[in-house]
Amino acid sequence: ATAGQGAPSPSGSRSEGDGGDEFTPVIEWLKFTVTAAALVSAGASCCWLIHQHRRKTRLRPHEKQVSEEEGREGREKLRPAGENKGRRVKLTGRFGKARALASLGLADVKAKVGAGFATPEGESSESVTWVDTLEGLESLKSALERGDVHEFSLDVEHHSYYSFRGSVSLLQISVPTWQNACYLVDPIALKPHVGPLLKGVLESEAILKVMHGASNDVLWLQRDFSIFLTNIFDTEAACKALGRSDRSSLASLLKDFLGLEKKSEYQRADWRQRPLPPGMLSYASNDVKHLSRLKTILVGQLCEVSLNAGAR
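Residues numbered from 1 in each chain as written. Predicted model: local features only at pLDDT ≥ 70, side-chain atom pairs only at ≥ 80, totals over all residues. Heavy atoms only, no water.

## Section: the overall build of the chain
If you tally the helices and strands in the chain, you get 12 helices and six strands. In the chain, buried positions account for 34% of the 312 residues. Intrachain contacts of the chain at a sequence separation of at least 6 include 64% that bridge at least 24 residues. Looking at the chain as shown, the accessible area adds up to about 18,500 Å², and 55% of this sits on carbon and sulfur atoms. (Helix = DSSP H or I, 4+ residues; strand = E, 2+ residues; numbered from the N terminus. Buried < 20%, exposed > 50% of the residue type's maximum accessible area, 1.4 Å probe, protein only. Contact = heavy atoms within 4.5 Å. Areas by Shrake-Rupley, 256 points an atom, 1.4 Å probe, with all protein chains shown as cover.)

Encoded structure:
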């Protein structure tokens, strides 16, 4: 009797075993769920990476095409010439070379390449106009919307050293067909009006905007004024396409192509101050008044590269 009381009952052992077996399917289901979730997450990550890679390498209208031989293997953005040694580059896009050059004001490309894309000697007389009234901004808008304006140079002075968000502090516009007349627009005094009045001109595909290092300027205009620039020629991007990445600054371009020295003393100045001293006004106007001539020279070099590549 004593032995019978001390020994575990067979029925009790089976009950414990049966209780453990009840959790086994749950544990297996949890393992399967975790494994499936990990596989789905890995697959989604792979799809996202593939999408980002295709998005970066997708050819866009303003980008250049590689040669037909490499085009069969895939499309890629044109990198600096140093990284594309031996590649043939074509300056063609969705609209074709003739239309692209016409939009740059260089329709007669062969004649100009043969002439070396000579630029006018000397400096044309220029005037600097400060625009800080609604009437002045409306007058500038009307003048830029006239049919005879197909190109102007644009730059943005931005201040962020004493504020977290930063703000656009000056807009510079220079029109080469108006004897390099330069307009300095005060976006601080005219903040509510800059976007509504200049949006149509700056977003017009019929007007070429010549800029240098436009990547930040594009973002600042979008952020502060909801202006989305179109039809841009970036002289810095053109230099990098020619393999001049180490000499792509505006100061280097002015010195190498026009023999001009660019001062950099106001590069980090406080552009919010009013009135701007004469030195800062001169610095701001010099940032835009030579861009059109630089554009002509750079387009000439790009076309020469293209024509030489096509002749091979």
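Once the structure has been displayed, the description carries forward.
## Observations concerning the packing of aromatic side chains
Tallying each qualifying case throughout the model produces three aromatic pairs. Aromatic pair Trp178 and Tyr183: ring centres 6.1 Å apart, planes at 80 degrees, arrangement edge-to-face. Under the relative-accessibility criterion, Trp178 is labelled buried at 17%. Taking 6.0 Å as the distance between ring centres and 75 degrees as the angle between the ring planes, the aromatic pair formed by Tyr266 and Tyr283 counts as edge-to-face. Separated by 17 residues along the polypeptide, Tyr266 in the loop between helix H10 (250-258) and helix H11 (278-289) and Tyr283 in helix H11 bring together distant segments of the chain. Cluster of aromatic residues (ring-pair linked, three or more members): Tyr266, Trp271 and Tyr283. (Phe/Tyr/Trp six-rings, centres within 6.5 Å; stacked < 30°, edge-to-face > 60°.)

## Side note on the pattern of salt bridges
Taken as a whole, this structure holds 10 salt bridges when the rule is applied. Between Asp256 and Arg244 there is a salt bridge, with its nearest N and O atoms 2.9 Å apart. Placement of Asp256 in helix H10 and of Arg244 in the loop between helix H9 (235-241) and H10 is noted, with a sequence separation of 12 residues between them. For Asp256, a relative accessible area of 34% gives the class partly exposed. Salt bridges sharing partners connect three or more residues here, namely Arg244, Arg247 and Asp256. (Salt bridge = Lys/Arg side-chain N within 4 Å of Asp/Glu carboxyl O.)

## What about helix H7 (residues 191-202)?
When the terminal C-alpha atoms of H7 are compared, their 16 Å separation across 12 residues agrees well with the 16 Å that a helix rising 1.5 Å per residue should span. Where H7 is concerned, the buried positions are Val194, Gly195, Leu197, Leu198, Val201 and Leu202. Residues of H7 that are buried sit in contact with helix H6 (134-144), strand S2 (151-159), strand S3 (167-175), strand S4 (181-185), strand S5 (208-211) and helix H8 (214-225). (Expected span 1.5 Å × (residues − 1).)

## Concerning the nonpolar core
Among the nonpolar cores identified, the biggest contains 31 residues, and Leu144 and Phe152 are the most heavily contacted of them. Secondary structure elements with two or more residues in this core: H6, S2, S3, S4, H7 and H8. Among the elements that take part in this core, H7 stands out by supplying five residues, more than any other. Setting aside residues up to four positions removed in sequence, Leu144 forms contacts with Val149, Phe152, Ile173, Val175, Trp178, Val201 and Ile207. (Core = buried A, V, L, I, M, F, W, Y, C linked by side-chain atoms within 4.5 Å.)

## Quick notes on the confidence of the model for the chain
Across the chain, pLDDT averages 76, with 69% of residues at or above 70. Counting interchain partners and residues more than four positions distant, the pLDDT-below-50 stretch residues 9-17 has zero contacts. Below pLDDT 50 for its whole length, residues 59-95 participates in 56 contacts with residues either more than four positions away or in separate chains. (pLDDT = per-residue confidence, 0-100.)

## Here's the deal with the state of the cysteines
Inspection of the entire model under this criterion finds zero disulfides. As a non-bridged cysteine, Cys46 has Cys47 as the owner of its nearest cysteine sulfur, 7.0 Å distant. (Disulfide = S-S within 2.5 Å.)

## Structural notes on the sheet that holds S2
Ordered by their spatial adjacency, six strands build an open sheet running S1-S4-S3-S2-S5-S6, and the pairing between neighbours is mixed. Looking at which strands have only one partner, the edges of the open sheet turn out to be strand S1 (128-131) and strand S6 (232-234). In this sheet, neighbouring strand axes are inclined to one another by 25 degrees on average, regardless of whether the strands run parallel or antiparallel. Across seven bridges, the pairing between S2 and S3 is antiparallel. Across the sheet, the residue bridging to Ser153 is Ser174, located in S3. (Pairing = 2+ DSSP bridges. Axes fitted to C-alpha atoms, helices over the stretch in contact; angles between N-to-C directions.)

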